[in-house]
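Chain by chain, the residues:
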Amino acid sequence: MKGTYKAVEVSAPGVLRLVERPVSEPAAGQVRIRVEACGVCHTDASTITGTYPGLQLPRVPGHEVVGRIEALGSGVSRWKIGQRVGVGFFGGEDGTCEPCRRGDMVNCLNAVVPGVTMDGGYAEVMIAEARGLAAIPDELGSAEAAPLLCAGITTYNALRNAGLRGGDLVAVQGIGGLGHLGVQFARHMGFHTVAIGRGRDKEKLAKELGAHVYVDTATEDAAAVLQRMGGARAILATAPSGNGMGPLVSGLATRGKLIVVGVPLDPIQLSAFPLVFGGRVIYGSLTGTPVDNEDTLAFSVLENIRPMIETFPLEQAPDAYARMMEGKARFRIVLVTKNGAAA
């Protein structure tokens, strides 16, 4: 076996460089993955800019990773050599902090986060915690499965855990990397699906993705439209704009929920009136456990839900990241290694 592998690391804030690293053996409870594909996520920016709290550089970004296991650490019995697996933003829990002891592993205070607390998937090889792995169905290619491990699970879990019923009016704000999956999940879960975007040019795509109704915020007040429809039981806020999220609360039905999954840099400004009068709520939803990821993948196969992706070779990671940050991606960018060229 070749003793080194290629990786793209953050050597200093804002600097991505291609390096050659020695192949290492997985420790107890870990596996070594020969990476086939890794999605480029907006959250990678906190690693690449060096702003994630406690981050230590150099660090290889990437938390939407799909590949095949090529080595097992001691104590790993469930997984097999050659098995195709994925790992998302949640890469393992400590099992001892209070959230973990209460069964809330996703909010572990010392979670393993690929690309942050350990090297991630912008590489040909990655070490991962066995407890953070999800099995990849044969029906999904590695490049199309990768974004489902983050953008997919984020929108899928937010919707399925919102206490909704079939036929409920559900709106998805934003038709981007998260939103284009959120619309598909909402429609296939049986909700009356409204897509909220800016510009008539997005209407055709929104309806192709499954939206029953498209609201153009350039010409319409989204909250007013939703109220004329009876009010939304839930609004999934995916576009990272605090200015765009706040007014949507007024579009909720009584006891409706604004679920924030996109993280804006600007504050979300709210009027207390619709919150108090009508018992409306706003809360955030973060990723899910490895078995939640397997649920996401299984539902995507069942309902033929797929991310719209662009692929770049690993060596072009800086260009791929820049394209994503400039808002030019349609809609998720995936880095593909030589191992996954045919995946």
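First, a word on scope: everything that follows refers to the structure included in this document. None of the values given here were measured: they were computed from a predicted structure. (Residues numbered from 1 in each chain as written. Predicted model: local features only at pLDDT ≥ 70, side-chain atom pairs only at ≥ 80, totals over all residues. Heavy atoms only, no water.)

## Points about the packing of aromatic side chains
In step 1: Per the stated rule, a full pass over the model turns up four aromatic pairs.
In step 2: Ring centres 5.3 Å apart and planes at 35 degrees place the aromatic pair Y156 and F299 in the tilted group. With Y156 in helix α4 (residues 151–160) and F299 in helix α10 (residues 290–302), the pair connects residues that are 143 residues apart, well separated along the chain. The same class applies to Y156 and to F299, which are both buried.
In step 3: A centroid spacing of 6.1 Å and a plane angle of 35 degrees characterise the contact between F185 and F299, whose relative ring orientation is tilted. Taken together, the positions of F185 in helix α5 (residues 179–188) and F299 in helix α10 put the pair 114 residues apart, joining distant regions of the chain.
In step 4: Since its relative accessible area comes to 0%, F185 is described here as buried.
In step 5: On the basis of relative accessibility, which here comes to 15%, the residue F299 falls in the buried class.
In step 6: Among the aromatic residues, ring-to-ring pairing joins Y156, F185 and F299 into one connected group. (Phe/Tyr/Trp six-rings, centres within 6.5 Å; stacked < 30°, edge-to-face > 60°. Helix = DSSP H or I, 4+ residues; strand = E, 2+ residues; numbered from the N terminus. Buried < 20%, exposed > 50% of the residue type's maximum accessible area, 1.4 Å probe, protein only.)

## A look at α4
In step 1: For α4, a buried count of nine out of 10 residues is recorded, marking the element as mostly surrounded by other parts of the structure.
In step 2: Among the residues of α4, those classed as buried are A151, G152, I153, T154, T155, Y156, N157, A158 and L159.
In step 3: Taken together, the buried residues of α4 touch β8 (169–173), α5, β11 (232–237), β12 (252–260), α10 and β15 (332–336). (Contact = heavy atoms within 4.5 Å.)

## Focus on helix α11 (residues 317–325)
In step 1: Here α11 has its buried residues at A317, A320, Y321 and M324. Down the axis of α11, the smallest arc covering the buried residues is 100 degrees, so these residues share one side.
In step 2: Its buried side turned inward, α11 meets β1 (4–12), β2 (15–22), β3 (30–40), α1 (45–48), β14 (309–313) and β15.
In step 3: Two residues or fewer after α11 comes G327, characterised by a positive phi angle close to 75 degrees. (Arc of directions from axis to C-beta.)

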